[in-house]
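# Survey of secondary and tertiary structure
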Amino acid sequence: MTSNAPLTELSFTVSGRVARPVEQVYEAVADPDQLSRYFTTGGAKGRLEPGGEVTWDFADFPGAFPVTVTEADPPRRLAIEWDGSATTGEKGTTRTVFEFEPIDAGRRTLVTITETSWQPTPDGAKAAFGNCEGWTGMLTALKAWLEHGINLRDGFYR
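Below or above, wherever it landed, is the structure these notes cover. (Residues numbered from 1 in each chain as written. Predicted model: local features only at pLDDT ≥ 70, side-chain atom pairs only at ≥ 80, totals over all residues. Heavy atoms only, no water.)

This part is about the pairing of strand E3 (residues 54–58). The two faces of E3 differ: Val54, Trp56 and Phe58 on one face are buried, but Thr55 and Asp57 on the other face are not. Sheet topology places strand E2 (residues 43–45) next to E3; three bridges connect them, and they run antiparallel. Note that in E3 the partner of Ala44 across the bridge is Trp56. Inspection of the sheet shows E3 paired to strand E4 (residues 61–73) by four bridges, in the antiparallel sense. In the sheet register, Trp56 faces E4, and the bridge partner there is Phe65. (Buried < 20%, exposed > 50% of the residue type's maximum accessible area, 1.4 Å probe, protein only. Helix = DSSP H or I, 4+ residues; strand = E, 2+ residues; numbered from the N terminus. Pairing = 2+ DSSP bridges.)

Written out as structure tokens, the structure reads:
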């Protein structure tokens, strides 16, 4: 079906399957100690739950930044916002939603990450494509960490 409606926002969705139960996969994202082992190479502070102070830092992209948790429904869903440029949000933020679905009788988890709130401009597209690459890398790193204990980001960007 083709739509003639004007494009008002850029968004993307990435997903992957992790051979671990949904509770374990959710915790690997929500728990700052675990997240720091495979994704936030400069460290994560604060559990992903509403009302807490959360910061993420990436050694390969220095500078800790705040993350606002807008929704947490363990072990099924997390939603966060963070500052960005070329965003459509009134607060200048993007919205990222993590969904965790048990599959294969609970032995595996389908993780789906959707990010919205990018302007349909060259700057918005550049930011959205960059974050799409980042979340795809995060899913790959999450899988390698939980299934094999390997930190894929170590030395990847530097």
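What characterises a pair of aromatic rings is the spacing of the ring centres plus the angle enclosed by the ring planes. Across all of its chains, the model carries 10 aromatic pairs by this definition. For the pair Phe39 and Trp56, a centre-to-centre distance of 5.9 Å together with 85° between the ring planes defines the contact as edge-to-face. Of this pair, Phe39 sits in the loop between helix H2 (32–38) and E2 while Trp56 sits in strand E3; the two residues are 17 residues apart in sequence, bridging distant segments of the chain. For Trp56, a relative accessible area of 1% puts it in the buried group. Look at Trp56 and Trp135: their rings are 6.2 Å apart centre to centre, the planes differ by 70°, and that puts the pair in the edge-to-face class. Taken as a pair, Trp56 in strand E3 and Trp135 in helix H3 (residues 122–148) lie far apart in primary sequence, 79 residues in all. For Trp135, a relative accessible area of 1% corresponds to the buried category. (Phe/Tyr/Trp six-rings, centres within 6.5 Å; stacked < 30°, edge-to-face > 60°.)

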